[in-house]
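Each chain, written out:
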Amino acid sequence: MTHADIRPAGHPLPDLHGHGLRLRPWEPDSEADVDAWFRGRTDPDFRRWNTPLRITTDLDSARSSLRDAARNSAEGAGAPYCVTDATTGALLGHIAVNVINPMMNSARVGYWVLPEARGRGVATRALALTARWALTDLGLHRLELDHAVGHDSSCHIAERCGFRYEGTLRGAMWEAGRHDAYRDMHLHARLATDPEPGPDGHPAPAPDVNL
């Protein structure tokens, strides 16, 4: 796949299916989507570990930031997905491939899960599904995942999905709720050439050709 093939502007995002999930594009005109986006980005746990450029404070700012995400997607700069239950359609959270760099065939992945959907492996399943798509159909060579130091659950999720820990970046992200102070973050990454991880986070064993 050539550089120009990665998320060309105007190319619609495909739905992704697997692991009991359906990942679909967010709909900025849907009240249910705006409400889920608002609840996700104002949740105390989200705010503890994430400080977006535009902090969501109410439904209007939620709708505005969701439209920004849809615009970035239309321009080929990102791939934001609404994570839903494949059977019921219930909204569970968000995952996105961001900061797509066509020259380097790289990008960064981030996610959050709604409070009522936590403890069910949603983040792990969504990340596994998204990473496989990004490193195959999307044509990326490198997919990065970063999180604030101390966010142990994100470390475990990254490792289970084959994202190797690569080090600590000093003062590389904002402190919670602030744009004038910084904290350290852990960097994980997965390459298209890395083996597919097994259920324990280690490379899956090669198939037995005699079976």
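Up top you'll find the structure we're talking about.
On a predicted model such as this, the values are computed, not experimentally measured, just so you know.

Here we look at the sheet that holds strand 2 (residues 21-25)
Reading across the sheet, the eight strands line up as 1-2-3-4-5-6-8-7 and stay open at both edges, with mixed pairing between neighbours. In the strand order of this sheet, the two ends are held by strand 1 (16-18) and strand 7 (164-174), each with one partner. Going from strand to strand, the sheet's axes swing by 25° on average, the running direction of each strand aside. Where helix 4 (residues 122-134) meets the sheet, its contacts fall on strand 1, strand 2, strand 3 (79-85), strand 4 (91-101), strand 5 (106-113), strand 6 (142-148) and strand 8 (182-191), and the angle it forms with strand 4 comes to roughly 35°.

With respect to the nonpolar core
Counting residues in hydrophobic clusters, the biggest one holds 34 residues, and the most contacted among them are I95, V97, L127, W133, L140, L143 and F163. Elements that contribute at least two residues to this core include exactly strand 2, strand 3, strand 4, strand 5, helix 4, strand 6 and helix 5 (152-160). Per-element tally for this core: the top contributor is helix 4, with eight residues. Setting aside residues no more than four positions away along its own chain, L143 makes contact with V97, A107, R108, V109, A131, A134, L135, F163, H188, A189 and R190. Counting residues in hydrophobic clusters, the runner-up holds 11 residues, among them W26, F46, L66 and A69.

Some points on the packing of helix 1 (residues 31-42) against helix 3 (residues 59-74)
In a packed pair of helices, the relevant descriptors are the angle between the two axes and the axis-to-axis distance. Two elements in contact, helix 1 and helix 3, have axes separated by 9 Å at closest approach and are oriented at 105°. Here helix 1 is positioned roughly perpendicular relative to helix 3, judged by the angle of their axes. Residues E31, D33, V34, D35, W37, F38 and R41 of helix 1 touch helix 3, and the partners they reach there are L59, A62, R63, S65, L66 and A69. Tallied by class, the residues present in the contact of helix 1 with helix 3 amount to seven nonpolar, one polar and five charged.

Calculation criteria
Residues numbered from 1 in each chain as written. Predicted model: local features only at pLDDT ≥ 70, side-chain atom pairs only at ≥ 80, totals over all residues. Heavy atoms only, no water. Pairing = 2+ DSSP bridges. Helix = DSSP H or I, 4+ residues; strand = E, 2+ residues; numbered from the N terminus. Axes fitted to C-alpha atoms, helices over the stretch in contact; angles between N-to-C directions. Contact = heavy atoms within 4.5 Å. Core = buried A, V, L, I, M, F, W, Y, C linked by side-chain atoms within 4.5 Å. Buried < 20%, exposed > 50% of the residue type's maximum accessible area, 1.4 Å probe, protein only. Parallel < 35°, antiparallel > 145°, perpendicular 65-115°, else oblique. Nonpolar A, V, L, I, M, F, W, Y, C, P; charged D, E, K, R; others polar.

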